[in-house]
Every structure is written in structure tokens, then in C-alpha cells.
Amino acid sequence: ESQIEDVLATYPDITKEVVGISLSPMSYDFGTVSLNTTHETNATWCTITNTGNANVNIHIKGDDAEWVDGLYKWTLSDDETNGKDEYVLWYHIAGDTAGSYTLITKEKQPMKHVKDGSPLDGSPLNLSDHGDTAQFGLKLLTPTFFNGGRAMETHITISAVTPQ
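### A word on the pairing of strand β4 (residues 56-61)
Residues in a regular strand project their side chains so that they alternate between the two faces of the sheet. Burial runs high along β4: 5 of the 6 residues are buried. Direction of pairing for β4 relative to strand β10 (residues 126-127): antiparallel, over a ladder of 2 bridges. By the bridge assignment, V56 is partnered in β10 with L127. When β4 meets strand β13 (residues 157-161), the two strands line up antiparallel, connected through 5 bridges. Across the sheet, residue I60 finds its bridge partner in β13, namely I158. For β4 and strand β9 (residues 109-110), the ladder comprises 2 bridges, and the chain directions are antiparallel. Across the sheet, residue I60 finds its bridge partner in β9, namely Q109.

### Digging into the pattern of salt bridges
With the rule as written, the count across this model stands at 3 salt bridges. K106 is paired through a salt bridge with D64; the nearest N and O atoms lie 2.9 Å apart. With K106 in the loop between β8 (102-103) and β9 and D64 in the loop between β4 and β5 (65-67), this pair connects stretches of sequence that are 42 residues apart. The class for K106 is partly exposed, based on a relative accessible area of 37%. Judged by its relative accessible area of 9%, D64 is buried. Three or more residues are tied together by salt bridges with common partners; here these are D64, K73 and K106.

### Points about the packing of aromatic side chains
Here the structure, examined in full by the defined rule, presents 5 aromatic pairs. Ring centres of W45 and F136 lie 5.7 Å apart, and the angle between their planes is 85°; this geometry places the pair in the edge-to-face category. With a gap of 91 residues between them, W45 in the loop between β2 (38-40) and β3 (46-50) and F136 in strand β11 (residues 133-141) connect regions that are remote in the sequence. Here the aromatic rings of W74 and F146 are separated by 4.8 Å at their centres, their planes lie at 55°, and the arrangement is tilted. With W74 in strand β6 (residues 73-76) and F146 in the loop between β11 and β12 (152-153), this residue pair connects regions lying 72 residues apart in the sequence. On the accessibility criterion, W74 (6% relative accessible area) is buried. Members of the aromatic cluster, connected to one another through ring pairs, are Y28, F30, W45 and F136. Taking the ring centre of Y101 as reference, the NZ or CZ of K139 above it sits at 4.6 Å.

### Concerning unusual backbone geometry
Here the amide bond leading from S24 into P25 is cis, since omega sits at -5°, within 30 degrees of zero. The topology assignment puts P25 in the loop between β1 (21-24) and β2. Phi at E80 takes a positive value of approximately 70°, unusual for a residue other than glycine. By secondary structure assignment, the location of E80 is in the loop between β6 and β7 (86-93).

Quick notes on the rules
- Residues numbered from 1 in each chain as written.
- Predicted model: local features only at pLDDT ≥ 70, side-chain atom pairs only at ≥ 80, totals over all residues.
- Heavy atoms only, no water.
- Buried < 20%, exposed > 50% of the residue type's maximum accessible area, 1.4 Å probe, protein only.
- Helix = DSSP H or I, 4+ residues; strand = E, 2+ residues; numbered from the N terminus.
- Pairing = 2+ DSSP bridges.
- Salt bridge = Lys/Arg side-chain N within 4 Å of Asp/Glu carboxyl O.
- Phe/Tyr/Trp six-rings, centres within 6.5 Å; stacked < 30°, edge-to-face > 60°.
- Lys NZ or Arg CZ within 6 Å of the ring centre and 35° of its normal.

Next comes the structure, spelled out in C-alpha cells:
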């Protein structure tokens, strides 16, 4: 940090790059769910805001859902199929093609637009300036079989990465 400060003092026209995002809200309760059913948030459920001064692409990563009181879990699917104790989770970026959802896996991946017929189709979700925002929603497909009556919880990691 002191080396950065020394460089900034020597070259006052250099701006320190700050990468930061905020999410609002930071949680969602799907409530009681049934076997093999889908549940969706609104497409504008969560707002991502660029709180830094860097141009950033947004990445996403999911995880298994765990029982809050014990060792039981649902495995996050990596191929859009659910099964016994296996669930699927997708995201949809607001403003993209209606009904388009992209799979969330345990591997960090860039969030990408689905805009049929547009040059933006397949492009990464980018927040180029401080204060830029984007919104997204989630879709859940529950397992084909699971032990009911348990509060399950999962975490999704949203991160900001400077483009290469």
C-alpha cells in the first residue's frame, strides 16, 4: 500500500483503480416448496451496483443447499437436470430475452446476456462506471425427491472482475 501511495504522490494524475459492487437485496426466501417444481423471483429482484471506479464484468457462482440444522444437503446440478436431492438454479438478467435463463453452477463464470438477434447476445454483464446498475432474478427447480420439513439454505457468490 505504501508503494502505491508513493507512486500516487509522485504522479498525482494517476487514479487508483477501485473494484467494488453492492447487492440489494442480499437474500430471498422461496418459502415452502414441493417436489419437482419451479419457483422464480421477479427479473428485477436483485440490483447490482458498481461502487468502485473500475470497469467490471460480473461473475456468478452457486453452491449446494444445506439444511440449516444438520448435515443434509441438496447438490447443485451442473447440467440443468434435477434428481433425488439435486436441484437446479438459473439466473435471468433484466432486459434480456423474455424467459431466458442461464444455469448457475459451482464454477465461477461470467454472467452473460441472452438477447436473441442482438449483437449483445452472449456478451458479459458489464458495469463500466461508478453507479452503473444491473438487475437479475433467479429460478429454482427443486429436487425430484427430498426430505421435507427442513429449512434449506444456499449461497450465490456475485463478484466483480476487471475485463482482460
